[in-house]
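Report on the structure
Read off the chains here:
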Amino acid sequence: MKRNFLLSGVIAILFTALGVYFGNQHAQAEVPQGVAARDFFATSIPDLKNQPQPLAQWKGKILLVNFWATWCHPCVQEMPELSALQTDSKIANMQIIGIGIDSAANIQEFSTKYKISYPLYVADTSGSALLRKLGDAAGGLPFSVLIGPNGQIKKTYIGSLKMDEVKHDLASF
């Protein structure tokens, strides 16, 4: 019993350390060529009310798509800044959306506790395949994608966002 408890503790510490490490890494992933954006817009993901939402509804907008999870500390840390960016942005036609790689129950509880000013979707673990198609080969979180109004991926961000960089990238539209 003591051995199982110790093993569980070691595993928990390992995953926490990996999450912190990858969460603090910030790099631009290799940007896929067009086909990934088509995959994105061809996808439907449930919203917080478990209603499937076609991501094609966001076509024609400047999108900042943020993949996150409630258990990912860097993800949760950047959400207030993303929420403020959505609320305060002077960029016309810009929308942030959050795609949770987590259970519906966890995301629902999180959204009740925190006020997020942009739509949240529940992709569960199936969202990992989509983020890999968008350029995150390792599948780490947080991961964000900037998609232009023409549907083309402009930039990807692995790890915690640097808001000055994101604002600079958004200003180029």
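What you see is a predicted model; the values in this text were computed from it and never measured.

1. Focus on the sheet that holds strand β5 (residues 120–122)
Strand order across the open sheet formed by five strands is β5-β4-β3-β6-β7, with mixed pairing between neighbours. Two strands bound the open sheet, and with one partner strand each, they are β5 and β7 (153–158). Across this sheet, the average inter-strand angle for adjacent strands is 20 degrees, counted without regard to direction. In the sheet, strand β4 (residues 94–100) pairs with β5 via three bridges, with the strands oriented parallel. Paired with Gly 100 across the strands is Val 122, a residue of β5. Strand contacts of helix α4 (residues 104–113): β3 (62–68), β4 and β5, with the helix running at about 160 degrees to β5, the strand carrying the most contacts.

2. Structural notes on the packing of aromatic side chains
Tallied over the entire structure, the rule returns four aromatic pairs. Plain terms: the ring middles of Phe 40 and Phe 41 are 5.1 Å apart, the flat faces sit at 80 degrees to each other, and that makes the pair edge-to-face. We note that Phe 40, like Phe 41, is buried. Measuring from centroid to centroid gives 5.0 Å for Trp 68 and Phe 110, while their planes differ by 50 degrees, and the two rings are tilted. Pair noted here: Trp 68 is in strand β3 and Phe 110 is in helix α4, with a separation of 42 residues, a long-range link. One aromatic cluster is present, built from ring pairs that chain together Trp 68, Phe 110 and Tyr 114. Just above the ring of Phe 173 sits the side chain of Lys 154; from NZ or CZ to the centre is 4.8 Å.

3. Section: the pairing of β3
Along β3, seven of the seven residues are buried, which leaves the element largely enclosed by surrounding structure. The alternating pattern of β3 places Ile 62, Leu 64, Asn 66 and Trp 68 and Leu 63, Val 65 and Phe 67 on opposite faces, both of which are buried. Pairing between β3 and β4: seven bridges, direction parallel. Residue pairing in the sheet places Asn 66 in a bridge with Gly 98 of β4. Assessed by its sense of winding, the connection that carries the chain from β3 through helix α3 (residues 73–88) to β4 is right-handed. Here β3 pairs with strand β6 (residues 143–147) via five bridges, running antiparallel.

4. Observations concerning unusual backbone geometry
Trans peptide bonds make up the majority, and among non-glycine residues the majority have a negative phi. For the bond from Leu 141 to Pro 142, the omega torsion is -5 degrees, close enough to zero to count as cis. Mapped onto the secondary structure, Pro 142 falls in the loop between α5 (127–133) and β6. Phi at Asn 50 is positive, roughly 65 degrees, even though this residue is not glycine. Along the chain, the position of Asn 50 falls in the loop between β1 (44–46) and β2 (52–54). Asn 50 sits in the exposed class, given a relative accessible area of 57%. Of note, the phi angle at Asp 124 is positive, near 50 degrees, even though the residue is not glycine. Looking at the element boundaries, Asp 124 is found in the loop between β5 and α5. Asp 124 sits in the partly exposed class, given a relative accessible area of 41%.

5. A few points about the packing of α3 against helix α6 (residues 163–171)
Relative orientation of the contacting elements α3 and α6 amounts to 30 degrees, with a least axis distance of 11 Å. Looking at the two axes, α3 sits roughly parallel to α6. As α3 runs across α6, the sense of the crossing is right-handed. Contacts between α3 and α6 involve Glu 78, Glu 81, Leu 82 and Leu 85 on the former and, on the latter, Met 163, Val 166, Lys 167 and Leu 170. Of the residues contributing to the contact of α3 with α6, the split by class is five nonpolar, no polar and three charged.

Parameters and conventions
- Residues numbered from 1 in each chain as written.
- Predicted model: local features only at pLDDT ≥ 70, side-chain atom pairs only at ≥ 80, totals over all residues.
- Heavy atoms only, no water.
- Pairing = 2+ DSSP bridges.
- Helix = DSSP H or I, 4+ residues; strand = E, 2+ residues; numbered from the N terminus.
- Axes fitted to C-alpha atoms, helices over the stretch in contact; angles between N-to-C directions.
- Contact = heavy atoms within 4.5 Å.
- Phe/Tyr/Trp six-rings, centres within 6.5 Å; stacked < 30°, edge-to-face > 60°.
- Buried < 20%, exposed > 50% of the residue type's maximum accessible area, 1.4 Å probe, protein only.
- Lys NZ or Arg CZ within 6 Å of the ring centre and 35° of its normal.
- Right-handed = clockwise from strand over helix to strand, strands pointing away.
- Parallel < 35°, antiparallel > 145°, perpendicular 65-115°, else oblique.
- Left-handed = near helix turned anticlockwise from the far one by under 90°.
- Nonpolar A, V, L, I, M, F, W, Y, C, P; charged D, E, K, R; others polar.

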